[in-house]
Amino acid sequence: MKYRTELKPRAEKDLKTIPKGNLEKIVERLHALEFIFPYEEFVEIQRLLEDLEDLQELRDAKSAESTSPTRPLADVLAECDERFQRI
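Conventions and cut-offs
- Residues numbered from 1 in each chain as written.
- Predicted model: local features only at pLDDT ≥ 70, side-chain atom pairs only at ≥ 80, totals over all residues.
- Heavy atoms only, no water.
- Helix = DSSP H or I, 4+ residues; strand = E, 2+ residues; numbered from the N terminus.
- Areas by Shrake-Rupley, 256 points an atom, 1.4 Å probe, with all protein chains shown as cover.
- Phe/Tyr/Trp six-rings, centres within 6.5 Å; stacked < 30°, edge-to-face > 60°.
- Buried < 20%, exposed > 50% of the residue type's maximum accessible area, 1.4 Å probe, protein only.
- Salt bridge = Lys/Arg side-chain N within 4 Å of Asp/Glu carboxyl O.
- Patch = residues over 30% accessible without salt bridge, like charges linked within 9 Å, V, L, I, M, F, W, Y side chains within 5 Å.
- Lys, Arg positive; Asp, Glu negative; His and termini not counted.
- Charge placed at Lys NZ, Arg CZ, Asp CG, Glu CD.

Chemist: What exactly am I supposed to notice about the overall build of the protein chain here?
Modeler: Helix and strand counts for the protein chain stand at 4 helices and 2 strands. Accessible surface, the protein chain: about 8400 Å² in total, of which carbon and sulfur atoms supply 57%.

Listed below in structure tokens is the structure:
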């Protein structure tokens, strides 16, 4: 796939002044790049970013509840079996 990038004039000038191999400066300038994607790819990237945000929220919640008391799964299943036998 080919992507067309349009650099802002200042960014283009700044990128030309960066010595080769100086990755830190290149990374600092990446915010100046603008990428043009086909709509379908944009939607896919947006979906992946939303999934990433959901994953981060899940990890945060899991971390926040790490000290909460827990019950073994076997106990929960046994309790469910008892309730279903009463029905």
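Back to the text.
Chemist: Help me understand the packing of aromatic side chains, please; the structure alone is not making it clear to me.
Modeler: How two aromatic rings sit relative to each other is set out by the distance from centre to centre and by the angle between their planes. Enumeration over the complete set of coordinates arrives at 1 aromatic pair. Measuring from ring centre to ring centre gives 6.4 Å for Tyr 39 and Phe 42, while their planes differ by 40°; the resulting arrangement is tilted. Highlighted residues: Tyr 39 and Phe 42, both in helix H3 (residues 39–64), separated by 3 residues, approximately one helical turn. Assessed through its relative accessible area of 59%, Tyr 39 is described here as exposed. For Phe 42, a relative accessible area of 42% gives the class partly exposed.

Chemist: In this structure, what is going on with the pattern of salt bridges? I would like to understand it.
Modeler: Working definition: two side chains of opposite charge can pair if their charged atoms are close together. Evaluation of the coordinates by the stated rule reveals 4 salt bridges. Put simply, Asp 51 and Arg 47 hold a salt bridge, and the shortest N to O gap is 2.9 Å. Residue Asp 51 and its partner Arg 47 are both found in helix H3; the two are separated by 4 residues, about one turn of the helix. The partner of Glu 79 in a salt bridge is Arg 71, with the nearest N and O atoms 2.6 Å apart. Look at the salt bridges and you will find they share partners, linking Glu 44, Arg 47 and Asp 51 into a network.

Chemist: I'm lost on a negative patch on the surface in this one. Help?
Modeler: Taken together, the side chains of Glu 50, Glu 53, Asp 54, Glu 57 and Asp 60 present a region of like negative charge at the surface. For Asp 60, the position within the fold is in helix H3. The class of Asp 60 is partly exposed, set by a relative accessible area of 44%.

So, to be careful, I would describe these as geometric facts and stop short of saying anything about function.
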